[in-house]
Amino acid sequence: MILIFEIFRMNVNMASSQIISLKSLWISLSIFFAVCIIYYMLSIPKTDGHYIYPIDDAYIHLAMAKNFALYEMWGVTRYKFSSTSSSPLFTLLLSFLIKIFGNNNQIPLYLNVAFGAGTVYVLNLYFSSIFYKVKSIVLSVLFTLFISVLHVQVLSGMEHVFHVFLFALNIFCLTRLENKKAVFGFYFSLALMGLVRFESMFYFAVLASAFIILKKWERSFYILLAGFIPIAVFCCINYQQDGYFFPNSVVVKGTKLAFDSRFPHQLKHIFLDNFLLNVSFYKIGFFPILICTILIYRDFKKKKFNDAVQDNFILMVISLVMVCHAMFADLKGLFRYEAYLLTGFSMAVIPKVNGFIEDSRCYFKKEKAISFLIIINVVLLFYKCFSAHFMLSEGGKNIYEQQIQSAKFLRTYYNESKVVANDIGAITYFTDIHLLDTAGLASLETIPFNENKRKPDLAFEHFLTGYALNNRYDIAVIYDAWLTVYIPKNWKKAAVLKIKNPVTVAEDEVSVYAVDPAGETELKQNVRKFRWNKNVHVTIVD
């Protein structure tokens, strides 16, 4: 009888736990996607009834996906190879969906909704094993989602939601490696992660190193294989096509060490500019790392080395990955590149400070320092959501008035012409232009002048002058500020397109040039004839 009673009690508890988990899942999904829907609805009236992504980069993925699906060309134009996508797997997935469902520019949004829902599901599973109250689970899930501003990532149409989903799945499986299904999920998510964002290599290296410390050599070896083999295969294919191992964006924007006279300056840039003196690091990674440091230090004082490492494994890994990311990748104000890390920090820290979630008053009395740091992170969450508000409410409008209008103009008068540009997403997706990208993301010819964050100079001006002339380019649509004073002198400025309240665009003005002086008069006439959006202030340059 006692045994039967115990079995019955366990079944009741299990059923009760499942009900709690299901309830918290639906609450979390409802709140998160309600926020997404509100911003979606706010954006549409400002863009003539069409949803426009708040970042032009989303259209780079779409342009490449379209060209690969329809013309079997991996590039932003259908005419030649260009390794422009920083997320080959995400772009390939978009291409597959375009092949099936047709060329619909809303596919990235639908895909992100699916990955967003998957992320909520994984987080809910994870926190359901830590908390036994719906309120605690929901608070933990929502904190994780909004500290990483995942609603922005969903509506931006970029690959970061996919990356966060894989990262959350990987950590979930990492905590359950005694389960065979979890082992498969762990290695499978590792294999995909690197082709979604190349910053994942920091995670692979740190994770493998941490297992080496625990003398788990075999697991470390398999982590390196699963993470780096897919990247190595892509790099070999990419190198055969254009002579670079990584996509152009990584080559141009990434930190590259050169062991010459510039080495001391590069070290200063890595450790000071990118890391210690980077304001974004203190908005994003400093306080989570501080919490992790305190928790790890306490355990190392009380426990043996291996036990302390084992008990603080995820805290240590995520903290070290954040440091690597800050030094060698990008920490920016829009919080998209580090969304996966903020998700990881939440999954690592919340189980260690679960008392704050369950009874904050009592926890604060016992743990004032940790509680204070948690409150700072909550304040940063609201700051990030406040910044995200302007991006989501005005970003689509910015892109519609600047990039989409430029694309419509080119499609109307210069659809298959040779165009020089330096913000290339919408104008390549919505047109069939031949492109010279001055920023180096889509044109191999300009990479040497942009590599390792090199600034424009006289040599670049001479190159642009000669190359555009010899290859008979027609017009240029560029940000003057990106080329500063090094715009070719033989280009004739025909018009300036200006918008108000720039939030997600690089500059408020785009200049239109006649690269071929013989076409200057016609270009001005076309600018006058085109029906620009009412919010675009057009100035014809006489």
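Residues numbered from 1 in each chain as written. Predicted model: local features only at pLDDT ≥ 70, side-chain atom pairs only at ≥ 80, totals over all residues. Heavy atoms only, no water.

### Considerations on helix α2 (residues 57-71)
Since there are 3.6 residues in each turn of an α-helix, residues three or four apart along the chain are aligned in direction. With 15 residues, α2 should reach 21 Å at 1.5 Å per residue; the first-to-last C-alpha distance of 21 Å fits that figure. Extensive coverage of α2 is indicated by the burial of eleven of its 15 residues. Remark: Glu72 follows α2 within two positions and exhibits a positive phi of approximately 55 degrees. (Helix = DSSP H or I, 4+ residues; strand = E, 2+ residues; numbered from the N terminus. Expected span 1.5 Å × (residues − 1). Buried < 20%, exposed > 50% of the residue type's maximum accessible area, 1.4 Å probe, protein only.)

### Thoughts on the state of the cysteines
Applying the stated criterion across every chain, the model contains zero disulfides. Cys236 forms no disulfide, and the closest cysteine sulfur to it belongs to Cys235, at a distance of 7.1 Å. Lacking any disulfide linkage, Cys324 is separated from the closest cysteine sulfur, that of Cys292, by 14 Å. (Disulfide = S-S within 2.5 Å.)

### Things to note about the pairing of strand β5 (residues 509-514)
Within β5, five of the six residues are buried, leaving the element largely enclosed by the surrounding structure. Bridge analysis of strand β4 (residues 492-498) against β5 gives six bridges, and the strand direction is antiparallel. In the strand pairing of β5, Lys498 is matched with Glu509. (Pairing = 2+ DSSP bridges.)

### Description of unusual backbone geometry
Within the chain, Val149 stands out as a residue other than glycine whose phi angle is a positive 40 degrees. With respect to the secondary-structure elements, Val149 resides in the loop between α5 (134-147) and α6 (150-156). A relative accessible area of 1% places Val149 in the buried class. A positive phi angle is found at Lys215, which is not glycine, with a value near 65 degrees.

### Brief notes about the confidence of the model for the protein chain
With 94% of its residues at a pLDDT of at least 70, the protein chain reaches an overall mean of 90. Highest mean pLDDT in the protein chain belongs to helix α3 (residues 88-101) (97); lowest belongs to helix α1 (residues 2-43) (73). Contacts for the low-pLDDT stretch residues 1-14, under 50 throughout, to residues beyond four places or in other chains number zero contacts. (pLDDT = per-residue confidence, 0-100. Contact = heavy atoms within 4.5 Å.)

### Observations concerning the packing of helix α4 (residues 107-128) against α5
For the pair α4 and α5, interaxial distance at closest approach is 9 Å and the crossing angle is 135 degrees. Considering the angle they form, α4 stands oblique to α5. At the point where α4 passes α5, the crossing takes the right-handed sense. From α4, Thr119, Val120, Leu123, Asn124, Phe127 and Ser128 reach across to α5, where they touch Ile137, Ser140, Val141, Thr144 and Leu145. When grouped by side-chain class, the residues that make up the contact of α4 with α5 number six nonpolar, five polar and no charged. (Axes fitted to C-alpha atoms, helices over the stretch in contact; angles between N-to-C directions. Parallel < 35°, antiparallel > 145°, perpendicular 65-115°, else oblique. Left-handed = near helix turned anticlockwise from the far one by under 90°. Nonpolar A, V, L, I, M, F, W, Y, C, P; charged D, E, K, R; others polar.)

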